[in-house]
Amino acid sequence: MPKTMFEKIWESHLVSEEPGKPALLYIDLHLVHEVTSPQAFDSLRMSKRAVRRPDLTVATVDHNVPTTDRSKPIADQISKKQIELLGKNAKDFGLTYYDIHSPNQGIVHIIGPEQGWTQPGKTIVCGDSHTSTHGAFGALAFGIGTSEVEHVLATQCLIQTKPKTMEVRAKGALPKGVTAKDLILNIIGQLGVDGGTGYVIEYTGEAIRSLSMEGRMTVCNMSIECGARAGMVAPDEKAFVYLKGRPHSPQGAGFDKAVEQWKKLPTDPGAKYDRVVEIDCASMTPFVTWGTNPGMVVKVTDKVPSVESFKTDADRRAAQRALEYMGLKAGTPIQDIPIDYVFIGSCTNSRMEDLRAAAAIVKGKKKSPKVQAIVVPGSAIVKKQAEAEGLHKIFTDAGFEWREAGCSMCLAMNPDVLKPGQRCASTSNRNFEGRQGAGGRTHLVSPQMAAAAGIAGHFVDVRSWN
Amino acid sequence: MQPFVKHTGLVAALDRVNVDTDQIIPKQFLKRVERTGFGEFLFFDWRYLPDGKPSPQFELNDPAYKGATILVAGRNFGCGSSREHAPWALNQYGFLAIICSSYADIFRNNCYQNGMVPVILPEETVAQIMANAKKKNGYRITVDLGKKQVYDNQSLKASFDIEEFRRHCLMNGLDDIGLTLKNEDKISIYEKKRWPELSGKK
């Protein structure tokens, strides 16, 4: 019987399956960061358990780390304690650990692929909802809670109920100036923030195949924003080329052998998904969120919607709340909204392709004097490469700050925080109330759109940027 | 883990949709390395004014909801981040069960891990419970996991579905790790098949 890629990976990782019960699924890669793991290690110690497969467990610090000068000690003592505790846990339990000064440090979802830990066909988990990023390589990757982190540490398995499958078919090609970020924002807008709940999404179609691995990671990254725990893309030559020669990819003849296996992963012709959704890409534009969840999104050429345009009473009240929180009036053209801050970074958009695209926009220009702008590379390796290409110079010449790698202002656990009322054009993934700082107002956009807004001081249609 | 069999308690209404885990427990409290002490920070940014006083606007600050143990809320509750600090905060504040028409997947799983019951009922039934709780006259309901029913002492009686495995674990206070470790032999067999070269090392 023809099978979907999800089914192939699911079935090859079943340790135990009994009718009427959730399955016991083997986990090939467990990524760990400082925020959601301390309680798990603590419980492990209390019950005198070891980490079953330290060789499949990789840790780094990203959520809490300052992005300014790292030769100075960490000022926030609670953050410092959490960061140091991961170092101790990694050492005590024998895990691979990229510490704050490691040349390989970075956002866990950036360094997984970068180091070649992420591979097609693997089951990958992390105590972080954006683990869906790794699905871009044809892996089954999803976020878990701290109890489940402990479960995987202790058993290398997870108790899982089989999710349903959804194909999101991106038809046509993305027009110039329209990016992977716009594509996924559009998908979330169409499905709604709970449209993918209970599903694993496989993204297919011409527009997905045309995307680079970076772009596919951006798309899969935000699958969780429509409720889907995992998003996947079938691995192809682009994925294989990306992975070849990475430190933890299979090496030599082992790589060719692995590619042979990886080529068997894509969904068989005729395999059935539980739901199929088609997205038209040819008519797509850049998108900007106006509200307080990623589904509250419109075209850059649109206006802030009215409360009355929502169908249910609950949604109208949510829209009203969102408009009040965001300090916006219905009917305001998106391009008339002024901004105070630009954040280019996060596991959604902090890879080389993102930084190159943003740099191309700001090159030779100056930021608006009323805007503060920071560029936070996803990893130390991205930072180093960007500097080798001179991108840092382009940004700093334009008045954008160039920072060290980490999650930074995506969730503002470190010192990079919006002040109440400040409005940010952000390349991150969540525009929830207070996400980037209590009272802060977030608009999610592509790196190009964020960069252009930083120059103009308000949103602009990057398609007509020169 | 504390078993949950049947519970009767005061219902607090949070009539908002898509309540995300960033609201349930804002990020500044995720720096704590303990599993406890999150209740006082539940819904922090909604619950407190910038000067630290309780916000009179926020639903749960209503004295009528003091001592509530059941929360009824709008659809897609717990969306966003995977932080288990969200169910910890709800639980440590005093909630033992939540009633919604839908939950985000990771949040729902995290509830199970902490002995808290995420009850799913049809929109109309949730609306009815919400309306009753919003009258603020001490509306109480019973969540009966044994019968898979929610009922009050008036006319409400609704059945809900829950995976049999999860119901069994909740009612007996079983944690997943203990159960999985009973499958140790199966895990070892699986590993030997996948990584023959590792045999003997374990």
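Please read all numbers here as calculations on a predicted model, not as lab measurements.

Participant: Explain the packing of helix α12 (residues 352-362) of chain A against helix α13 (residues 380-388) of chain A to me, using residue names and the numbers behind them.
Facilitator: Residues and elements named next belong to chain A. Put simply, α12 and α13 touch, their axes get as near as 10 Å, and they point 40 degrees apart. Between α12 and α13, the angle falls in the class oblique. Where α12 crosses over α13, the two elements pack in a sense that is right-handed. On α13, the residues touching M352, L355 and R356 of α12 are V382, Q385 and A386.

Participant: Describe the environment of A:S147, naming the residues involved and giving the relevant values.
Facilitator: Mapping A:S147 onto the fold places it in helix α5 (residues 146-155). In this structure A:S147 comes out as buried when scored by relative accessible area, which is 9%. Put simply, A:S147 and A:F6 are 141 residues apart on the chain and 25 Å apart in space, counted from C-alpha to C-alpha. What A:S147 contacts, discounting residues up to four positions off in sequence, is B:R35, B:E84, B:Q113 and B:N114.

Participant: If you had to explain the layout of surface pockets to someone new, which residues and values would you point to?
Facilitator: Looking at the largest pocket, its volume works out to about 840 Å³. In this structure, the largest pocket is lined by 29 residues; those nearest its centre are A:Q119, A:K122, A:W262, B:R194 and B:W195. Only α1 (5-12) and α10 (253-262) of chain A together with α8 (184-194) of chain B provide two or more residues apiece to the lining of the largest pocket. With five residues, the single largest contributor to the lining of the largest pocket is α10(A). For the lining of the largest pocket, the class distribution of residues is 12 nonpolar, eight polar and nine charged.

Participant: Talk me through helix α6 (residues 180-191) of chain A; I want residue IDs and the actual numbers.
Facilitator: All names here are of chain A. Here α6 is 12 residues long and its end C-alpha atoms lie 16 Å apart, about the 16 Å a rise of 1.5 Å per residue gives. Of all the residues in α6, the buried ones are A180, K181, D182, L183, I184, L185, N186, I187, I188 and L191. One side-chain oxygen at the N-terminal end of α6 lies 3.2 Å from the backbone nitrogen of K181; it belongs to T179. Phi for G192, located one or two positions after α6, is positive at around 90 degrees.

Participant: Report on the side chain of A:T133, specifying residues and quantitative values.
Facilitator: All names here are of chain A. You can see T133 is positioned in the loop between β6 (123-126) and β7 (140-143). Residue T133 is classed as buried on the basis of its relative accessible area, which comes to 0%. Only 2.4 Å separates the side chain of T133 from the backbone oxygen of H130, close enough to count as a polar contact. In this structure the side chain of T133 is engaged in a polar contact, spanning 3.1 Å, whose partner is the side chain of N221. The contacts of T133, once residues within four sequence positions are left out, are H109, M217, C220, N221 and R351.

The rules we used
Residues numbered from 1 in each chain as written. Chains lettered and ligands numbered in written order. Predicted model: local features only at pLDDT ≥ 70, side-chain atom pairs only at ≥ 80, totals over all residues. Heavy atoms only, no water. Axes fitted to C-alpha atoms, helices over the stretch in contact; angles between N-to-C directions. Helix = DSSP H or I, 4+ residues; strand = E, 2+ residues; numbered from the N terminus. Parallel < 35°, antiparallel > 145°, perpendicular 65-115°, else oblique. Left-handed = near helix turned anticlockwise from the far one by under 90°. Contact = heavy atoms within 4.5 Å. Buried < 20%, exposed > 50% of the residue type's maximum accessible area, 1.4 Å probe, protein only. 1 Å grid on protein atoms, 1.4 Å probe; cavity = no way out; pocket = protein on both sides within 12 Å on 5 of 7 lines; lining within 4 Å. Points joined across faces, edges and corners; volume = space filled by probe spheres on them. Nonpolar A, V, L, I, M, F, W, Y, C, P; charged D, E, K, R; others polar. Expected span 1.5 Å × (residues − 1). Polar contact = N/O pair within 3.5 Å; in protein donor to acceptor, adjacent residues only side chain to side chain.

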